[in-house]
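# Structural features, examined
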Amino acid sequence: MNWFLAGVVGSFIGERLKDMHETRDSIAEIWGERTPYVGEWPIRVDERTLEEPDQWVQSACVLCSNGCGMDIGVKDGVIVGVRGRAIDPVNHGRLGPKGLHAWIANRSQERLTQPLIRRNGRLEVASWDEAMNLIVQRSQEICARYTSGAIGFYTSGQLFLEEYYTLGVIGKAGLGTPHMDGNTRLCTATSAAALKSTFGSDGQPGAYTDLDTTDAILHVGHNTASQHTVLWMRILDRRRGPNSPKLIVIDPRETATAKEADVHLALKIGTNIPVLNGLLNLIIEAGQIDRNYIEAHTVGFEVLKNTVSHWTPERVEQVANVPAAKLRAAAEILGTANTLVSTALQGVYQSMQATAAACQVNNLHLIRGLIGRPGCGIYQMNGQPTAQNTRECGADGDLPAFRNWDNPEHVAELAKLWNVDVNIIPHWSPPTHAMQIFRYCEQGSIKLLWISATNPAVSMPELTRIRQILQKDDLFVVIQDAFMTETTELADVVLPAAIWGEKTGCYTNVDRTVHISHKAIEPPGGARSDFDIFVDYARRMDFRAKDDAPLIKWNTPEQAFEAWKECTRGRPCDYTGLSYEKLSRGGGIQWPCNEQFPDGTPHLYPDGQFNTSYDYCETYGHDLDTGAATTPEEYRANAPKGKAFLRAADYLPPHEQPDQEYPLWLTTGRLVYHFHTRTKTGRSPALHEAAPDAFVQISVQDAKQYGITEGEMVEVISRRGRVVEKAIVGEIEPGVVFIPFHYGYWDKPERSRAANELTITEWDPVSKQPHFKYAAVRIRKAALVINQIADAIGQDADTVTTVLKP
């Protein structure tokens with residue numbers, strides 16, 4: 001811990017001494033001053049610099065999925081500040097606290113600068129040749145003995161498009177392994193699954209500009225004020241202007257987002273389906289639907305109508321604890337608004353019936369005909385800034401450019417494009433999702449796991465199990481990251497990676513806006529970009545096309561981007577009208593961008609024609625309850641021919657519920673000042689100081705029952721583990737406790753505090769996204785535990801400093 005504190009203190013002093021310009025105190029004033037408007041969002045340029053830059057380099061923020069345009073200020077080869085890009089349509093110059101402060105991590109003295117190899121149980125410095133040769137040697141040995149099916153890749157939502165596509169080609173056409181996924185499985189897999197299930201392919205239908213004119217906004221399990229601060233600025237500015245849109249929030253916690261709402265539905269954990277079905281039922285009963293649109297552009301309405309008809313307001317109140325009057329008030333807004341923007345995030349995606357619930361949000365728009373036009377947006381939000389690219393480029397379980405792995409013609413298209421034998425591309429069974437990848441590692445069938453830019457030893461569920469898997473003797477673990485983390489500590493090889501600002505590439509946000517980020521500075525020491533690492537691996541492995549030419553034919557990110565464009569031709573995510581030059585002219589551009597739409601496309605499906613035709617769709621669908629796949633033959637027989645699916649689902653209760661032994665619900669989530677496991681944000685003094693530690697949030701009623709006061713240390717125990725956290729009292733429903741998941745052990749190892757020590761190993765049957773939003777726990781004062789430890793070791797309680805270390 002001393003090395004961390006020294007780094008923070010040193011960086012903090014230096015930062016404060018040099019701090020020359022910040023347009024606002026973005027830590028205390030997260031959303032800044034209001035600029036009310038109607039029709040067009042005013043420009044407000046947020047800036048923070050430590051010194052006057054010599055130059056500004058075009059980029060975009062990578063600390064949430066909003067994708068704000070920004071410039072990087074550089075002086076003498078060092079990043080000295082950032083500012084929002086006024087011209088960018090996503091943020092009009094605004095930046096959130098993470099965007100304004102987290103870049104200081106690039107300057108950290110804790111950066112990895114040399115490869116490390118585990119020798120005799122210890123990680124020791126090695127050369128790049130030594131590290132890469134070892135990885136290649138192990139890869140070749142494993143392929144020869146076990147086939148490439150014994151190699152898995154687990155990546156991130158932090159790399160660039162060009163890196164994902166390169167990795168996707170390596171995995172799918174070089175090695176031919178089906179075991180590729182990203183930590184996007186933990187945060188946004190349900191977004192993709194719901195969009196495919198309803199519309200036939202991935203891709204958000206709307207644009208952020210819909211917020212400029214919409215009549216109503218619905219947030220389902222999405223604490224926008226904290227998770228997408230600039231998007232929330234846009235919403236607040238609309239609501240402070242004339243023609244303020246109504247706001248409905250569905251969330252068990254009284255968050256800043258919920259406090260702003262006209263109607264807050266504080267539902268019981270795990271009851272998204274009852275609440276959404278209840279809303280749909282009221283709207284259908286009131287006749288507030290577009291029957292012509294339903295008939296012309298959807299299938300499945302009668303089944304949906306029958307399913308939701310059982311969910312009266314009184315039954316919803318009984319099951320979900322949402323007052324019937326509040327449900328009716330929300331339904332009245334949703335049923336009468338002429339335009340509607342809906343968002344969903346982890347409160348849906350990481351909970352019971354994730355894909356089913358997300359599909360009900362889509363259903364709401366379809367039955368009212370509120371899609372494909374200004375003011376009508378569905379944002380099945382992403383949790384990470386480049387999650388959309390993970391899905392698009394095939395670095396996860398999907399085939400590139402939204403192709404259908406179950407469609408032989410789509411697989412043949414890729415084989416022709418890459419000039420490889422069609423049989424090397426994995427398509428013989430469903431691709432392996434992250435939870436199953438770790439299960440295969442546990443069972444011993446995966447022998448090499450390559451992890452890029454993520455920290456599963458903190459972010460995955462049931463951490464005791466994950467640590468045991470990563471330490472298995474028969475698993476060779478490769479990690480590429482910018483810092484030492486809880487996961488790199490368990491690696492066999494660590495590769496030092498360049499990060500944002502130190503490399504060039506593109507990435508795509510939630511509303512399909514593509515940005516370019518130009519390299520502003522050199523990476524420290526021997527750190528290399530993920531792109532360079534993957535290309536080097538491909539060269540050393542000597543992956544070849546059928547004509548014996550190298551499989552990876554590009555050497556620069558721009559060349560990779562041009563190759564990617566050709567892969568997208570004619571697909572829903574068509575990039576063929578984009579180029580580095582075009583993206584460098586100003587703000588981001590929304591795909592599809594091609595000859596038909598040279599300036600990009602704000603809305604998908606304006607004519608009510610969806611990507612559901614048999615030959616074009618990305619999936620043939622799944623049963624929402626069981627995950628059972630629809631066969632190609634079944635889909636062809638009932639092909640909707642361009643109509644959207646209205647997917648019905650009835651309520652299934654969570655599989656683990658509070659009982660006498662574990663009487664409380666646990667839910668986890670994120671904080672405004674941190675991103676994932678704080679690998680970067682924890683090294684920004686301002687962000688660290690704003691949120692230095694984890695906590696457990698409990699209701700006033702529960703605090704009284706357990707005799708817990710604000711600031712007191714509390715032990716939280718599940719069937720899988722235990723943590724000790726400081727108590728925060730209030731603004732949450734009774735019977736529920738909340739712990740932020742960001743905090744692990746790299747900077748504060750003296751107690752068990754990672755929320756995922758407690759969470760369950762279970763996932764949605766369709767999206768395969770883990771359930772982080774519910775688990776049964778019990779709580780008690782940690783002082784009782786400390787006294788027990790003190791008695792056991794014969795020490796005074798004041799001297800006990802180690803509590804339940806993992």
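Helix and strand content of the chain: 28 helices and 28 strands. The C-alpha radius of gyration of the chain comes to 25 Å, within 12% of the 28 Å expected for a compact globule of 806 residues. Dimensions of the chain, computed from C-alpha atoms along their principal axes, come out at roughly 75 × 70 × 55 Å. Counting over 806 residues, the chain shows a buried share of 66%. Of the contacts made within the chain by residues no fewer than 6 positions apart, 75% connect residues no fewer than 24 positions apart. As presented, the chain carries roughly 27,100 Å² of accessible surface, and 49% of it is formed by carbon and sulfur atoms. Of note, the chain has its 80 positive side-chain charges centred 1 Å away from the centre of its 98 negative side-chain charges.

With 15 residues, helix H4 (residues 161-175) ought to run about 21 Å at 1.5 Å a step, and its terminal C-alpha atoms sit 20 Å apart, in line with that. With 15 of 15 residues buried, H4 lies mostly within the body of the structure. Where H4 ends, the next residue or the one after it, Gly176, has phi of about 80°, a positive value.

Quick look at the packing of aromatic side chains now. Per the counting criterion, the structure on display carries 23 aromatic pairs. On the basis of an interplanar angle of 90° and a centroid distance of 6.1 Å, the ring pair of Trp311 and Tyr651 is categorised as edge-to-face. Here Tyr651 lies in the loop between strand E22 (644-645) and strand E23 (664-669) and Trp311 lies in the loop between helix H12 (301-308) and helix H13 (313-320), a separation of 340 residues in the sequence. Three or more aromatic residues joined by ring pairs make a cluster, and in this case those are Tyr165, Trp554, Phe561, Trp564, Tyr575 and Tyr580. Over the aromatic face of Tyr616 sits the side chain of Arg571, whose NZ or CZ is 4.5 Å from the ring centroid.

Time to look at the pairing of strand E16 (residues 448-452). E16 sits mainly inside the fold: 5 of its 5 residues count as buried. Along E16, one buried face is formed by Leu448, Trp450 and Ser452 and the opposite face, lined by Leu449 and Ile451, is buried too. Note: strand E8 (residues 151-155) against E16, 4 bridges, orientation parallel. Across the sheet, Ile151 pairs through a bridge with Leu448, a residue of E16. Direction of pairing for E16 relative to strand E17 (residues 476-481): parallel, over a ladder of 5 bridges. Paired with Ser452 across the bridge in E17 is Gln480.

Reading the values: rules and limits
All residue numbers refer to position in the chain's written sequence, counted from 1. The predicted origin of the model limits local features to residues at a pLDDT of at least 70 and limits the giving and counting of side-chain atom pairs to 80 or more, whereas totals for whole chains, interfaces and linings rest on all residues. For the side-chain quantities, the full set of heavy atoms in the structure was used; hydrogens and water were omitted. Helical segments are the DSSP runs of H or I of at least four residues, strand segments are the runs of E of at least two, and each set is numbered from the N terminus. Throughout, the radius of gyration refers to the C-alpha atoms, and the reference size of a globule is 2.2 Å times the residue count to the power 0.38. Buried means the residue's accessible area, taken with a 1.4 Å probe over protein chains only, is under 20% of the maximum for its type, while exposed means over 50%, and partly exposed covers the values in between. When checking whether two residues touch, look at their non-hydrogen atoms; a contact exists if any pair is within 4.5 Å. The accessible surface values rely on the Shrake-Rupley method and a 1.4 Å probe; as for residues, cover is taken only from the protein chains in view. Positive charges come from Lys and Arg, negative ones from Asp and Glu, while His and the chain ends are left out of the count. Lysine's charge is taken at NZ, arginine's at CZ, aspartate's at CG and glutamate's at CD. By this rule the span expected of a helix is its residue count minus one, scaled by 1.5 Å. Ring geometry is summarised as follows: Phe, Tyr and Trp rings, the Trp one being its six-membered ring, pair when their centres sit within 6.5 Å, and such pairs are stacked at plane angles under 30 degrees, edge-to-face over 60 and tilted between the two. Look at NZ for Lys and CZ for Arg. If either is within 6 Å of the ring centre and within 35 degrees of the ring normal, a charge sits over the ring. The pairing criterion is simple: DSSP has to find at least two bridges between the two strands.

Coordinates in, geometry out; function isn't part of it.
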